[in-house]
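Fold and contact review
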Amino acid sequence: MPKVMVVGAGAVAQVTVCKLSRRPDLFPEIVLASRNVEKCKAIAERLPHARIIPEAVDADQVADTVALLEKHRPALLLNLALPYQDLPLMEACLQAGVDYLDTASYEPPDIPFYEYKYQWAYQEQYEKAGLMAVLGIGFDPGVTNAFVAYAAKHIFDEIHYLDIVDCNAGDHGRPFATNFNLEINLREITQPGRYYENGKLVEIPALSRAEDVRFPEIGVRKAYLIYHEELESLTKHFPTLRRARFWMTFSESYLMHLRAFMNVGLTRIDPIEYEGHPVVPIKFLQKLLPDPASLAPTYTGWVSIGVQLRGVYQGKPRTAFIYTNIRHEWAYQDCGSQAVAYTAGVPPAIAAELMVQGTWKKPGVWNVEQLDPDPLLERLPEAGLPWKVVLDYPLDFTDVPE
Ligand code: NDP
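**Some details on the overall build of the chain**
When helices and strands are counted, the chain shows 14 helices and 18 strands. Computed over the C-alpha atoms, the radius of gyration of the chain is 20 Å, within 12% of the 21 Å expected from 2.2 N^0.38 for a compact globule of 402 residues. Considered along the principal axes of its C-alpha atoms, the chain spans approximately 60 × 55 × 40 Å. Per-residue burial over the chain gives 48% buried out of 402 residues.

See the structure below:
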């Protein structure tokens, strides 16, 4: 029976392992490896019915991961550590002959800008080795890519405009906290806003543009234009897209704290010297603020993530909205998690099923939209993430030609 190895034991990994553990027929053993083995043991203790093997690994060291892969011989490695580990883990999988997936694209530690070029460079080597790598299979990126692929397959002849809209309207009761790894989250938000228009990447200052967006069950919220990695792969794989943007909501309290952190240099990613020691301010800030997984027990409210699309079908203009709504309380009830980690952690567990069963089997390095979206989307509702399609949706973004 195929074994899987999960690397990373944070908020997202906890959800994925919870879901994998419910398929003992497919995953009789789950190796859970992270920098701090105690976190792996704590997850294993919360899932006493599952056979989880905790291991310690520094995923930046290719040889260490290769040794662990050779010890356990899994069919698939799920990278749920941080984007910095994408390249060493892809390299280790290649050397050990193991399939690979992750939920976030590689970003060099000293350059806060996601780009797929580093991982796409592995395409030929994976193909030749007969191995498969699936990139960015969380929710956004991940399910959002599958929504666009589904729309291209079933709803449109051509898609011209894409706006991805993401709203966390939940309340965790803390003055400031991020919903996934703080360093990765704040690097993403504090970099310039970027979007694709007519084949070019357009750049605007960070958090300088916001629009009112209506979210199901939530109502109208101000959403800010930020850069997100799926824009790069989606515009490459759907060249009919004339424009692709990503919008995310933030509460006033969140923005007030974020601006203060930015103003005093606490979001800096370069080391400063403090009493003879190098300190990276953003890593120091992370130590002071709540661990995203710890928000779960008291978190209430909705999360809504979807894609608003405009294009043509049979020669006529058409619009569509495809989205998922989920409550933090539901995620807690199902896997003891908050909804942001849950939306990111459920899709890799489904992808693991599809990969070990051979439903998704294609040697090479793939973004989610290059794979058949149907089997993933069919399994989402039962796995806890219901989704809906609304055709002829009155889009929030009116700055496009009719
Ligand atoms: P956490 O910080 O909670 O967890 C990360 C885990 O990776 C920790 O257990 C950490 O170990 C471990 N880790 C870090 N470096 C190494 C290393 N060198 N070797 C081994 N283990 C390591 O992060 P999240 O769970 O919030 O996020 C995980 C990933 O999911 C991130 O890449 C994030 O960008 C992505 N994500 C994707 C989303 C999507 O929808 N696509 C949405 C949200 C997140 P330690 O405990 O020692 O620090």
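**Description of the pairing of strand β3 (residues 52–56)**
Across five bridges, the pairing between strand β2 (residues 30–34) and β3 is parallel. Paired with I30 across the two strands is I52, which belongs to β3. What joins β2 to β3 is helix α2 (residues 37–46), and the crossover it makes is right-handed.

**Looking at the site of the ligand**
Around the ligand sit 32 residues, and of these G8, G10, G138, F180 and A344 come closest. Taken together, the residues of the shell around the ligand break down into 18 nonpolar, nine polar and five charged.

**Let's talk about the domain arrangement of the chain**
Split by domain assignment, the chain resolves into domain 1 (4–138 + 341–379) and domain 2 (143–337 + 384–391). The distance between the C-alpha centroids of domain 1 and domain 2 comes to 22 Å. Counting from both sides, the interface comprises 31 residues of domain 1 and, opposite them, 31 residues of domain 2. When contributions to the side of domain 1 that touches domain 2 are tallied by element, the ones reaching two or more residues are α1 (11–20), α13 (339–357) and α14 (373–379). In terms of residue count, the dominant contributor to the side of domain 1 that touches domain 2 is α13 (seven residues). Looking at the side of domain 1 that touches domain 2, its residues break down into 20 nonpolar, eight polar and three charged.

What counts, and where the lines are drawn
- Residues numbered from 1 in each chain as written.
- Predicted model: local features only at pLDDT ≥ 70, side-chain atom pairs only at ≥ 80, totals over all residues.
- Helix = DSSP H or I, 4+ residues; strand = E, 2+ residues; numbered from the N terminus.
- Rg over C-alpha atoms; globule rule 2.2 N^0.38 Å.
- Buried ≥ 20, exposed ≤ 12 C-beta atoms within 10 Å, placed from the backbone.
- Pairing = 2+ DSSP bridges.
- Right-handed = clockwise from strand over helix to strand, strands pointing away.
- Near = placed C-beta within 6 Å.
- Nonpolar A, V, L, I, M, F, W, Y, C, P; charged D, E, K, R; others polar.
- Domains from an automatic or database assignment.
- Contact = placed C-beta atoms within 7 Å.

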